[in-house]
Structures are given as C-alpha cells and as structure tokens.
Amino acid sequence: MAEDFLMLNPGPVPLSKNVREEMARTLVSHRSPEFAETYQQFRDGLDYVFRHSTIDGRSSTDNGMSIPLMGTATMGMESAIINLAGPKDEVVALDNGKFGERFVDIADRNCLVKPIRANWGDSFDMESIKETITSNTHLVAMVHQDTSTGIMNPIKEVGEIAKENGAFFVVDGVSSIGGDEFKIDEWGVDVVVADAQKALASPPGISAIFATEHALESFDNTHAGYYQDLPAYVKTTKQNKTPFTSAVTLVRAFVVALENIKEEGIQNRISRHRTQALANRTSFMDMGLPMFPNLYDHSDYSNTVTVVNLPDPISGNSSDFFKAMKQRNVSASGGHAHLKNQILRMSNMGDLSTAQVLRGIQTVGEALCDCGINVDTDSALDIAEKIL
C-alpha cells in the first residue's frame, strides 16, 4: 500500500487534521458577533507568535499590534513599504534571493530604490551595507530566511545600521515566524511580515504583519492602494473585523493552527525546527550533497528549509530526480529561475513529525540512487535518527 502523500516543498506546507476539519464548518457572516469573537482569537494567537518567538519565552516587544491581512505575504511586503515610504523616499532593499528580489521590485515601483545585491545564496558584505544605508535612507527592507536559497540573513546587524541612520526597518519573516527565533525590539524591526502557509502551518491565502508603535504612528496611506490602506486595517482590526470581506474559512483555520502552536509551545517549536533542519543538513551532506548557501560571519543556514546542490550528473536536468521522489509520493522543490536544475529545496516548516523528516531524507537518497548517484541512504538515515 502506497504511503500518504508528503509535501516537503517550502510552502504551502502540510496541514494538521484539526486545521483541515475547521475549514469544513458551516460558514458565518464576516460581520457576525461569532466571527468577531473568532477574529479576537486570531489577533491573540498572532500576538503570541509575533511577540514570543524567543528562546527564553520572553516577549520581544511590549508595544505595537498584529494586523491580519486578507492577502498573501506579498501584500504585506508591499503594504508595509507603501504605507511608510512615498515616491520621493529612498528605500534600500537587500537582494540575495528570490524574495529579496521581490522587495527590490516592490520598492522600485513605488519609491526611489537603492538595491544591495549579492548572488543568490551568497551572504551580504556588511561594509557595503554600512556604506549604502545613510541618513538619506528612509526605509530598509530585508528577508530574514529566504526559502529560495536556504540562507539566514543578518537581521540584527542590519537593523542596527538602519536605526543608526533613522530608517524604518521592514523584514520578511515569512519562513521564520512560527519556526525560528525572531526578536522585534532587539533587532530594531518596525514591521515584520508573516504568512499563513509557511511555518505557521495554515492554508495559503492570508497573512499578517506586526507593526511597532513607531510604525503605527507613521503609517500614511497617501500613496497606498485602496486595498492596502494600513490605517484602515488598523482601525478595523481594533474592532475585530476587516475593512473588506474577510476570508472567514481561512481565518478560522489559521486560528486553529495558532492554537496548535501555543499548545506545543513556541520555544519547543523553535527547538524542533532547529533539530529537524540540522538532521536534514547533516544527512544530505553525508550523501555528498553540499550546502548551497555561502556563509560569512553574520549569516547562517535557515532552520526551516534546507537547500543543497544537486550532483553534476543530474544538475543539468533534474526532472528525473524529482520524478523519482514523486513516485514515492513525496514532493520537494527545485530552484527558482537560473537555479531551476541546480538545487534541492526541502522544507521542515510546520508540524512535521520525526517519521516524516526521516521519510523525506530516505526518499532523497533513493531518488538519487534511481538517477545513478551511488549514496549510502542507510548511513544518512542513521545520522539523522541520532540527531532527531
């Protein structure tokens, strides 16, 4: 009998049974008292995750608020920029992956963008960042853990530079919130963006931001789109509703996913993600798959997605490798754009069990063997089991 389908792509991620079941409940009006109560639960759950994603469990900030958005994280990224910066404001956007590139594109459409670029998967040169961010910089935008490359960028160090120059700091925390540590005040973050479908293990379609009081007081909708008017979202969020029609079913499922996180405990969840990521990294390197990101002093490997180089015999055309994985009812991802056939991206975001992580590792080993790459899958599994 074939095993159940296991999705290990870096988003969307598998959903727990109670999250899936929640979406089947009878629909209610998004303006009903019942849904207002659900929305308060939603806000409370988001506050818990945004504020308490720390190793010691302490709140990383005592001010600000969570703001749910009825759109994916790209809406959150764009909303944060266009409600804090105008057409004549300088925005420094850091790009060393697909989603850093997205920040550059968003800023280029709406502001005076000054990109800081590195090759995808390479670390940023801190001296270049210090030279580029100046007193003329109005806002700095950066991705924490980029799922396109598997790199963790130096948020704390860049946040310090942004604050020294009086700039707002907007961070894409999409693949870290709910899966790894995130310190809002200590890292100088004004707005952080999260998405339902990544480490928060909820259905795709909605997202949220956390904005500090400094950002809330500075939001200006003069240049914002009608649907991305953050002052309007702030006003209605405080009334436990949205400015427009709410995604009732998705919000309900998100609430259950956040309750699952609170039940596990965010500190336990962070520890589990870090352990699972270490197991993936170590086992893949045992198979002879080198890590893709190039680390410098202030960068690290992501703890929610592992990205490795595929071996030469299949890196020119990886379709047979991913087909071999699919035949075992497991899916993972290749690279974006020019990295399409060169890398493997495997997620451990969400609520994966030890057995599921080991199944993913085993599938990679077996798929490599199917493609003529001789690897010792048993050795890799033994290493992973000891870590897990």
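Structure's up top.
Cut-off values and rules
- Residues numbered from 1 in each chain as written.
- Predicted model: local features only at pLDDT ≥ 70, side-chain atom pairs only at ≥ 80, totals over all residues.
- Heavy atoms only, no water.
- Pairing = 2+ DSSP bridges.
- Helix = DSSP H or I, 4+ residues; strand = E, 2+ residues; numbered from the N terminus.
- Axes fitted to C-alpha atoms, helices over the stretch in contact; angles between N-to-C directions.
- Buried < 20%, exposed > 50% of the residue type's maximum accessible area, 1.4 Å probe, protein only.
- Phe/Tyr/Trp six-rings, centres within 6.5 Å; stacked < 30°, edge-to-face > 60°.
- Lys NZ or Arg CZ within 6 Å of the ring centre and 35° of its normal.
- Salt bridge = Lys/Arg side-chain N within 4 Å of Asp/Glu carboxyl O.
- Expected span 1.5 Å × (residues − 1).
- Core = buried A, V, L, I, M, F, W, Y, C linked by side-chain atoms within 4.5 Å.
- Contact = heavy atoms within 4.5 Å.

**Q** Help me get a handle on the sheet that holds strand β3 (residues 90–95), residues and values and all.
**A** Sheet architecture is open: seven strands sit in the order β2-β10-β9-β8-β5-β3-β4, paired in mixed fashion. Both outer strands of the open sheet, β2 (65–69) and β4 (112–117), are each paired with one neighbouring strand and no more. On average, each strand axis in the sheet is inclined to that of its neighbour by 20 degrees, with strand direction left out of account. Across four bridges, the pairing between β3 and strand β5 (residues 137–143) is parallel. What sits directly across from A93, in β5, is A141.

**Q** Give me the sheet that holds strand β11 (residues 300–301): which residues, what numbers.
**A** In space, the three strands of this open sheet follow the order β6-β7-β11, with antiparallel pairing throughout. This sheet does not close on itself; its edge strands, each paired only once, are β6 (145–146) and β11. As paired strands, strand β7 (residues 151–152) and β11 are joined by two bridges and run antiparallel to one another. Note that in β11 the partner of I151 across the bridge is Y301.

**Q** Could you give an account of the pairing of strand β10 (residues 207–211), naming the residues involved and the relevant values?
**A** In terms of burial, β10 is a largely internal element, five of the five residues being buried. The side-chain alternation of β10 yields two buried faces, one formed by S207, I209 and A211 and the other by A208 and F210. With five bridges connecting them, β2 and β10 associate as antiparallel partners. Note that in β10 the partner of L69 across the bridge is S207. Where strand β9 (residues 191–195) lies against β10, five bridges are found, and the strand directions are antiparallel. Bridge pairing in β10 links V192 to F210.

**Q** Pulling in residues and values, what's your account of the packing of aromatic side chains?
**A** Under the defined criterion, the tally for this structure stands at nine aromatic pairs. Between Y233 and F244 the ring centres are 6.3 Å apart and the planes differ by 70 degrees, which places this aromatic pair in the edge-to-face class. Separated by eleven residues along the polypeptide, Y233 in helix α8 (residues 230–237) and F244 in the loop between α8 and α9 (248–264) bring together distant segments of the chain. The class of Y233 is buried, set by a relative accessible area of 1%. A centroid spacing of 5.0 Å and a plane angle of 75 degrees characterise the contact between F321 and F322, whose relative ring orientation is edge-to-face. Neither F321 nor F322 differs from the other in exposure class; each is buried. Geometry around Y48 places K262 over its ring, the cationic atom sitting 5.4 Å from the centre.

**Q** Kindly report on the pattern of salt bridges, identifying the contributing residues and their values.
**A** Enumeration according to the criterion identifies 21 salt bridges in this entry. R58 is the salt-bridge partner of D56, the closest N and O atoms lying 3.8 Å from each other. R58 shares its class with D56; the two are exposed. Note that E181 is salt-bridged to R274, the shortest N-O span being 3.6 Å. One end of the pair, E181, is in the loop between β8 (168–172) and β9; the other, R274, is in helix α10 (residues 266–286), and 93 residues separate them in sequence.

**Q** Please provide a residue-by-residue account of unusual backbone geometry, values included.
**A** Omega for the bond connecting G11 with P12 falls within 30 degrees of zero, at -5 degrees, which places this linkage in the cis form. Following the sequence through the fold, P12 ends up in the loop between β1 (6–7) and α1 (17–22). A positive phi angle is found at A337, which is not glycine, with a value near 50 degrees. Among the secondary structure elements, A337 is positioned in the loop between β13 (330–331) and β14 (343–347). Among the residues examined, A337 registers a relative accessible area of 57% and is labelled exposed.

**Q** Hey, could you go over helix α13 (residues 354–370) for me, with residue numbers and the actual values?
**A** With 17 residues, α13 extends 24 Å from end C-alpha to end C-alpha; this agrees with the ideal 24 Å at 1.5 Å per step. Every buried residue of α13 is accounted for by V357, L358, R359, G360, I361, T363, V364, G365, A367 and L368. Looking one or two residues beyond α13, the residue adopting positive phi is G372, at roughly 85 degrees.

**Q** Got a sec to walk through the nonpolar core? Specific residues and values, please.
**A** Counting residues in each nonpolar core, the largest one holds 80 residues, and the members touching the most others are I67 and F219. The element that contributes the greatest number of residues to this core is helix α2 (residues 33–52), accounting for seven residues. Every residue in contact with F219, bar those within four places of it in the chain, is listed here: I67, N83, L84, V191, I209, A211, L230, P231 and V234. Counting 30 residues, the second-largest nonpolar core is a separate cluster that includes I314, A332, V375 and A380.

**Q** Which residues make up the environment of I373, and what values go with them?
**A** Relative to the helices and strands, I373 is located in the loop between α13 and α14 (377–387). By relative accessible area, I373 is classed as buried at 14%. Distance from I373 to D312, taken between C-alpha atoms, is 9.7 Å for residues 61 residues apart in sequence. Beyond its immediate stretch of four places on either side in the chain, I373 contacts P311, P313 and L368.

**Q** Residue-level account of the pairing of β2, with values.
**A** The element β2 is extensively covered by neighbouring structure, given that five of its five residues are classed as buried. Alternating residues of β2 divide into M65, I67 and L69 and S66 and P68, and every residue in both groups is buried.

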